[in-house]
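Chain by chain, the residues run as shown.
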Amino acid sequence: MSRYHEMKFRAVTSLQWRIGNPSVRLLPRQTLLETTGRASGLPRRTPVGGRRVGNEFWLVSEYGEKSQYVRNIQADPQVRIRIKGRWHAGTAHLVPQDDARARLRTLPRLNSATARAVGTNLLTVRVGLTS
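The structure presented is a predicted model; accordingly, all values stated were derived computationally and were not measured.

Trainee: Can you explain the overall build of the protein chain? Please cite residues and give values.
Mentor: Within the protein chain, the secondary structure is distributed over four helices and seven strands. What you see in the protein chain, going N to C, is helices and strands ordered as α-β-β-β-β-α-β-β-α-α-β. For the protein chain, the residues scored as buried account for 41% of the 131 residues in total. A separation of at least 24 residues holds for 67% of the contacts in the protein chain among residues at least 6 apart in sequence. For the protein chain, the exposed area adds up to about 7600 Å²; of that, 53% sits on carbon and sulfur atoms.

As structure tokens, then:
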């Protein structure tokens, strides 16, 4: 990662962790991805943007394998996702062969625009929903 991308990553994630995520997480209709912390074993909830297609939920990580929730998925792919206020269990799969930029064009516009603007290493994530 270039020095510019590293500085951008640190600035954006700092704002997300301290300001954005805590406030957005409180919105009752916000989509949340719940992973299990790879070190703590505690549930970790992250606001995400994506779209449900049948029994799958698709999203794009802005920072790929540097994202904490992606690292948690790598350690334990069993997740829960809150869609429109209802929790669903599922198994997350990283899909590096997918064209993440093309995928963003199929997802909600605001989140997609943000991911394109601040993301440095886009990675598609598919969650197979079981409930």
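Trainee: Before we move on, could you go through the sheet that holds strand β7 (residues 123-129) and cite the residues and values that matter?
Mentor: Ordered in space as β2-β1-β5-β6-β7-β4-β3, the seven strands form an open sheet in which the pairing is antiparallel. Each of the sheet's edge strands pairs with one partner strand only, and the pair in question is β2 (43-47) and β3 (50-53). Between one strand and the next, the sheet's axes are offset by a mean angle of 30°, whatever the strand orientation. This element, helix α2 (residues 68-75), spans β1 (32-36), β2, β4 (56-61), β5 (78-83), β6 (86-95) and β7 of the sheet and lies at about 50° to β1.

Trainee: Describe the side chain of serine 112, listing the residues and the values that go with them.
Mentor: The residue serine 112 is located in helix α4 (residues 109-118) in this model. Looking at serine 112, its side chain comes within polar contact range of the main-chain oxygen of proline 108, at 2.9 Å. Setting aside its immediate chain neighbours within four residues, serine 112 contacts Leu104 and Leu107.

Trainee: If you had to explain the pairing of β4 to someone new, which residues and values would you point to?
Mentor: Burial runs high along β4: five of the six residues are buried. Pairing analysis gives four bridges linking β3 to β4, with the strands arranged antiparallel. Note on β4: the bridge partner recorded for valine 53 is glutamate 56. In this antiparallel pair of consecutive strands, β3 and β4, the connection spans two residues, and glycine 54 shows a positive phi of 65°. Sheet topology places β4 next to β7; six bridges connect them, and they run antiparallel. Across the sheet, residue serine 61 finds its bridge partner in β7, namely leucine 123.

Quick notes on the rules
- Residues numbered from 1 in each chain as written.
- Predicted model: local features only at pLDDT ≥ 70, side-chain atom pairs only at ≥ 80, totals over all residues.
- Heavy atoms only, no water.
- Helix = DSSP H or I, 4+ residues; strand = E, 2+ residues; numbered from the N terminus.
- Buried < 20%, exposed > 50% of the residue type's maximum accessible area, 1.4 Å probe, protein only.
- Contact = heavy atoms within 4.5 Å.
- Areas by Shrake-Rupley, 256 points an atom, 1.4 Å probe, with all protein chains shown as cover.
- Pairing = 2+ DSSP bridges.
- Axes fitted to C-alpha atoms, helices over the stretch in contact; angles between N-to-C directions.
- Polar contact = N/O pair within 3.5 Å; in protein donor to acceptor, adjacent residues only side chain to side chain.

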